[in-house]
Amino acid sequence: EDGSTFIGATDEMRANISRHGFLFHDLLHVLFRYDTSPMGEACIQAVTNKIVGHFAMKYVGFIVMCRIAYRTKSWAPFKVYREALKLGKQAADKGLMMHGHLDYLEMDIAEVRKMFNIGVPVEYKKFAEQHAEENNILRRLFWIKSPTAKQGPTIEQGADTEQDSAENNILRKVFWIKSP
């Protein structure tokens, strides 16, 4: 025996665990109503920390919130983060992690939210509405479809419109790029 059977089995186990981890992560986005913006991802890290109990997730989420707070010159991101921690704790206290996520995959989402006491992220929704334009530009930049995002100009059309200039200014702000 050359050991390759064991190696193949462990690779398969890692892939399976990874698939379940990604599925759980995506289900948390749906259950807790957080999008995939940096703010939404940081909130999911906070929620996951409360559900799983691993500090690294809380740390990563907090660092992202620090960057968003610095970028927006606002304390509001920390309010959003505290809300995410609270919502995650409520779900953890109801035993969200004790159930296999495949068990409630086919259930009505409102029932699942009620079962695990998952409330509406009010502070997050307020912040997302205030920063909707930045999120739409980032979605277009990374080709993420959004029902509210306008289609940007094609390469053939050029990018010299007034709107493109405004979008570039927002992108500079988002990525901390100094104006030319």
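Residues numbered from 1 in each chain as written. Predicted model: local features only at pLDDT ≥ 70, side-chain atom pairs only at ≥ 80, totals over all residues. Heavy atoms only, no water.

Enquirer: Before we move on, could you go through the overall build of the chain and cite the residues and values that matter?
Expert: Counting its regular elements, the chain contains 8 helices and 0 strands. Secondary structure elements in the chain, listed N-terminal to C-terminal, are α-α-α-α-α-α-α-α. Burial analysis of the chain (180 residues in total) assigns 35% to the buried set. Residue pairs in contact within the chain that sit at least 24 positions apart in sequence constitute 61% of those at least 6 positions apart. For the chain, the accessible area works out to roughly 11,900 Å², and carbon and sulfur atoms hold 60% of it. (Helix = DSSP H or I, 4+ residues; strand = E, 2+ residues; numbered from the N terminus. Buried < 20%, exposed > 50% of the residue type's maximum accessible area, 1.4 Å probe, protein only. Contact = heavy atoms within 4.5 Å. Areas by Shrake-Rupley, 256 points an atom, 1.4 Å probe, with all protein chains shown as cover.)

Enquirer: Would you mind going over the environment of Asn 117 in detail, with residue names and values included?
Expert: Tracing the chain through its elements places Asn 117 in the loop between helix H5 (109–115) and helix H6 (122–130). Put simply, Asn 117 and Leu 87 are 30 residues apart on the chain and 8.0 Å apart in space, counted from C-alpha to C-alpha. Discounting residues that sit within four places of it in the chain, Asn 117 has contacts with Gln 90 and Lys 94.

Enquirer: Describe in detail the packing of helix H4 (residues 76–93) against H6, supporting the description with residues and values.
Expert: Look at H4 against H6: their axes get within 8 Å of each other, and the N-to-C directions meet at 145°. Handedness of the H4/H6 crossing: left-handed. Where H4 abuts H6, its residues Ala 76, Pro 77, Lys 79, Val 80 and Glu 83 lie against Val 122, Glu 123, Tyr 124 and Phe 127. The residue makeup of the contact of H4 with H6, split by class, is 6 nonpolar, no polar and 3 charged. (Axes fitted to C-alpha atoms, helices over the stretch in contact; angles between N-to-C directions. Left-handed = near helix turned anticlockwise from the far one by under 90°. Nonpolar A, V, L, I, M, F, W, Y, C, P; charged D, E, K, R; others polar.)

Enquirer: Residue-level account of the packing of helix H2 (residues 38–52) against H4, with values.
Expert: Close contact between H2 and H4 brings their axes to 8 Å; oriented N to C, the two are set at 35°. In the packing of H2 onto H4, the handedness of the crossing is right-handed. Mapping the contact onto sequence places Met 39, Ala 42, Cys 43, Ala 46, Val 47, Asn 49, Lys 50 and Ile 51 in H2 and Pro 77, Val 80, Tyr 81, Ala 84, Leu 85, Gly 88, Lys 89 and Ala 92 in H4. Class assignment for the residues of the contact of H2 with H4 results in 12 nonpolar, 2 polar and 2 charged.

Enquirer: Provide a residue-level description of H4, including the pertinent values.
Expert: An α-helical turn contains 3.6 residues, so a residue and the one three or four places further along point in the same direction. Relative to the 26 Å expected for 18 residues at 1.5 Å per residue, H4 spans 26 Å between its end C-alpha atoms, a close match to the ideal helical length. Inspection of H4 places Pro 77, Phe 78, Val 80, Tyr 81, Glu 83, Ala 84, Leu 85, Leu 87, Gly 88 and Ala 91 among the buried residues, and these make up the whole buried set. (Expected span 1.5 Å × (residues − 1).)

Enquirer: Give me unusual backbone geometry: which residues, what numbers.
Expert: Not every positive phi belongs to a glycine, and Arg 33 is a case in point at roughly 70°. Relative to the helices and strands, Arg 33 is located in the loop between helix H1 (4–32) and H2. With phi around 55°, Lys 73 is a residue other than glycine that occupies positive phi space. Structurally, Lys 73 can be placed in the loop between helix H3 (55–72) and H4.

Enquirer: Report on the environment of Gly 40, specifying residues and quantitative values.
Expert: Relative to the helices and strands, Gly 40 is located in helix H2. C-alpha of Gly 40 to C-alpha of Ala 128: the two residues are 88 residues apart in sequence and 9.0 Å apart in space. The contact partners of Gly 40, leaving out residues within four places of it in the chain, are His 29, Tyr 34, Asp 35 and Tyr 124.

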